[in-house]
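Listed below, chain by chain, are the residues.
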Amino acid sequence: MLNSTPGPKPMVQPGAVVVTGMGAVSPLGLSVAASWEALLAGQTGVGPITHFDAAAQEMPCQVAAEVKGFNPSQSGLEPKDTKKADRFILLGLAAVREAMAQAGLANIKDNPAVDRTRVAVVLGTGIGGLPAMEEAYQTLQQKGARRVSPFFIPAMLPNLLAGQASIMFGLQGANVCPVSACATSAHAIGWGKRLIESGEADVVITGGAEATICATAIAGFAAMRALSTHFNATPVQASRPFDAARDGFVMGEGAAVLVLESAAHAAKRGATPLAALTGFGQTADAGHITLADGSGSRRAMELALAEAGLVPTQISAINAHATSTPLGDAQEAETIAALFGPAIPTSATKGATGHLLGAAGAIEAVFSVQSLRTGTLPPTLNVTNPNVPLTDVVPNQARHGVAVQHVLSNSFGFGGTNVSLIFSRV
């Protein structure tokens, strides 16, 4: 059982990697605060697809978790430039701006205390500008090659979110874009930690973005029977991790960004740490591209624990990868139960956000940090009949007043790639 009151704050060592800023644009809201508030209130971002007419195209899946009310101006780009960027870039830049502001780095170009050659950008996407590709192909077929936009390529390139963020803030350190399917932004966060620990960077802007709710993506994922298809008439019930009626994931879109920093650098410039990133484990199943026996994900969790200097009983809660697929949820739950015991509190926030693909790890990292800061565990929505070997999936309602000291967050991707991150209270 967890204590009902927060415990003492751990000391932050100068060599630790801490989070000093966060940003989010999600199906639940256009900021970290709005997304977190909606999540705890039990709201869902899942609804009928509006980005295109899924019913008219007879899509097997007609639900998704779309970002609502987003204005491209929130990206910080000039109006003429927003038309030259795919939606994932615009969402990502908005999250970058929020994270930089919270970290006190919004005016970094005018801050002589920060060496911008030692500020890196590691921002990923699982798919990138698929809607831009779809549009360009349609233009090519209907109007000919001369009508394809000259901005098509820079609009769809996966690394252009990282590139645009670097340009916007004048960041001259490493600038890279990991792509590892649904583990992408978790890898980005872990690799950001490594850049700081190696001494290559003082600060890393890290996370990811995804915006692929388009006909091509929905048709493709539906063809491989990965998407939910039984809840088109009741969309809010479609994403249901760990529940017996789950039948596939619900595609989401959005972006989330964390500013990572060495504790010593943060202290030197007077920044306030929100949490420490204490553990990072990355492994491969080296088997089937989607099905695993759990050994690879378990090793990722064990590596994260070892790096953090923790044992399983010290983990307060888990944010599961759990996408609402029949086999994937069961396998992860079995592995978690075997390593941490079946009673470990395990939230699956994709019940509210849908599956943000390459941005999933980052938005769930944000939620993990918020759990540490507030002593609150977010709910797993739509759990009416759980059928996994976990006895506490925090069903349907947030849990407040919990002593949350260490949270482990999982992200797994096509190709058998696994990432586990551990965030600790400061």
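**Q** Whenever I open this one, the overall build of the protein confuses me. Can you help?
**A** What the protein contains, in helices and strands, is 13 helices and 12 strands. Scaling as 2.2 N^0.38, a compact globule of 426 residues should have a C-alpha radius of gyration of about 22 Å, and the protein matches this with 20 Å. By principal-axis analysis of the C-alpha atoms, the protein measures approximately 65 × 55 × 40 Å. Looking at the 426 residues of the protein, the share that counts as buried comes to 58%. Contacts in the protein between residues at least 24 apart in sequence constitute 79% of all its contacts with a sequence separation of at least 6. With 26 positive and 29 negative side-chain charges, the protein shows a separation of 6 Å between the mean positions of the two kinds.

**Q** Is there a simple way to explain helix α4 (residues 130-143) in this structure?
**A** Residues lying three or four places apart along an α-helix face the same way, a consequence of the helix completing one turn every 3.6 residues. Compared with the 20 Å implied by 1.5 Å per residue over 14 residues, the 20 Å span of α4 between its first and last C-alpha is a close match. Among all positions in α4, only L130, A132, E134, A136 and T139 are buried. Packed against the buried residues of α4 are α5 (152-156) and α8 (215-223). At the exit of α4 stands G144, carrying a positive phi of roughly 100°.

**Q** Looking at this structure, how should I read the confidence of the model for the protein?
**A** If pLDDT is low for a region, its predicted coordinates should not be looked at in detail. Mean pLDDT for the protein: 95, with 97% of residues reaching 70 or above. The low-confidence segment residues 1-7 (pLDDT under 50) makes 16 contacts with residues lying over four places distant or belonging to another chain.

**Q** For this particular structure, what's the right way to read the packing of helix α10 (residues 295-308) against helix α11 (residues 326-340)?
**A** Between two packed helices, the angle of one axis relative to the other and the distance separating the axes together describe the packing. α11 packs onto α10 with a crossing angle of 40° between their chain directions and a minimal axis gap of 10 Å. With respect to α11, the element α10 is oriented oblique. The two elements α10 and α11 cross, and the hand of that crossing is right-handed. Residues S297, R298, M301, E302 and L305 of α10 touch α11, and the partners they reach there are T335, I336, A338, L339 and F340. Counted by class, the contact of α10 with α11 contains six nonpolar, two polar and two charged residues.

**Q** Please explain the sheet that holds strand β5 (residues 175-176) as it appears in this structure.
**A** Consider a sheet: its strands pair through backbone hydrogen bonds, and that pairing is either parallel or antiparallel. Taken in spatial order, the 10 strands of this open sheet run β5-β4-β6-β7-β1-β8-β12-β11-β9-β10, and their pairing is mixed. The outermost strands of the open sheet, each flanked by one partner alone, are β5 and β10 (346-347). Pairing of strand β1 (residues 17-25) with strand β8 (residues 275-284), which is carried by two bridges, proceeds in the antiparallel orientation. Bridge pairing links V19 to A275 in β8. Packing against the sheet, helix α6 (residues 160-169) makes contact with β4 (119-124), β5 and β6 (203-210), and its axis sits at approximately 150° to β4.

**Q** Would you mind going over the side chain of T380 with me for this structure?
**A** Position of T380 among the secondary structure elements: in the loop between α13 (360-374) and β11 (406-413). Polar contacts involving the side chain of T380 include one to the main-chain carbonyl oxygen of V393, which spans 2.7 Å.

**Q** Is there a simple way to think about the state of the cysteines in this case?
**A** Working definition of a disulfide: a covalent bond connecting the sulfur atoms of two cysteines. Considering all chains together, one arrives at zero disulfides under this definition. With no disulfide of its own, C61 lies 13 Å from the sulfur of C214, the closest cysteine sulfur. A relative accessible area of 0% places C61 in the buried class. Between C182, a free cysteine, and C177, which holds the nearest cysteine sulfur, the sulfur-to-sulfur gap is 15 Å.

**Q** Which parts of the structure should I look at to understand the nonpolar core?
**A** Soluble globular proteins: nonpolar side chains tend toward being buried together. Counting 49 residues, the largest nonpolar core has M22, I189, L258, L260, L421 and F423 as its most contacted members. Those residues within four positions of L421 in sequence are excluded, and the remaining contacts are A186, I189, G190, L277, G279, F280, V407, L408 and S409. Residues V67, F70, L77 and L123 belong to the second largest nonpolar core, which totals 35 residues.

**Q** Help me understand the packing of helix α7 (residues 184-197) against α13 in this model?
**A** Following both chains from N to C, one finds α7 and α13 inclined at 65°, their axes separated by 5 Å at the closest point. Residues S185, A186 and I189 of α7 form the contact with α13, whose own contacting residues are A360, G361, A362 and A365.

The rules behind each value
- Residues numbered from 1 in each chain as written.
- Predicted model: local features only at pLDDT ≥ 70, side-chain atom pairs only at ≥ 80, totals over all residues.
- Heavy atoms only, no water.
- Helix = DSSP H or I, 4+ residues; strand = E, 2+ residues; numbered from the N terminus.
- Rg over C-alpha atoms; globule rule 2.2 N^0.38 Å.
- Buried < 20%, exposed > 50% of the residue type's maximum accessible area, 1.4 Å probe, protein only.
- Contact = heavy atoms within 4.5 Å.
- Lys, Arg positive; Asp, Glu negative; His and termini not counted.
- Charge placed at Lys NZ, Arg CZ, Asp CG, Glu CD.
- Expected span 1.5 Å × (residues − 1).
- pLDDT = per-residue confidence, 0-100.
- Axes fitted to C-alpha atoms, helices over the stretch in contact; angles between N-to-C directions.
- Parallel < 35°, antiparallel > 145°, perpendicular 65-115°, else oblique.
- Left-handed = near helix turned anticlockwise from the far one by under 90°.
- Nonpolar A, V, L, I, M, F, W, Y, C, P; charged D, E, K, R; others polar.
- Pairing = 2+ DSSP bridges.
- Polar contact = N/O pair within 3.5 Å; in protein donor to acceptor, adjacent residues only side chain to side chain.
- Disulfide = S-S within 2.5 Å.
- Core = buried A, V, L, I, M, F, W, Y, C linked by side-chain atoms within 4.5 Å.

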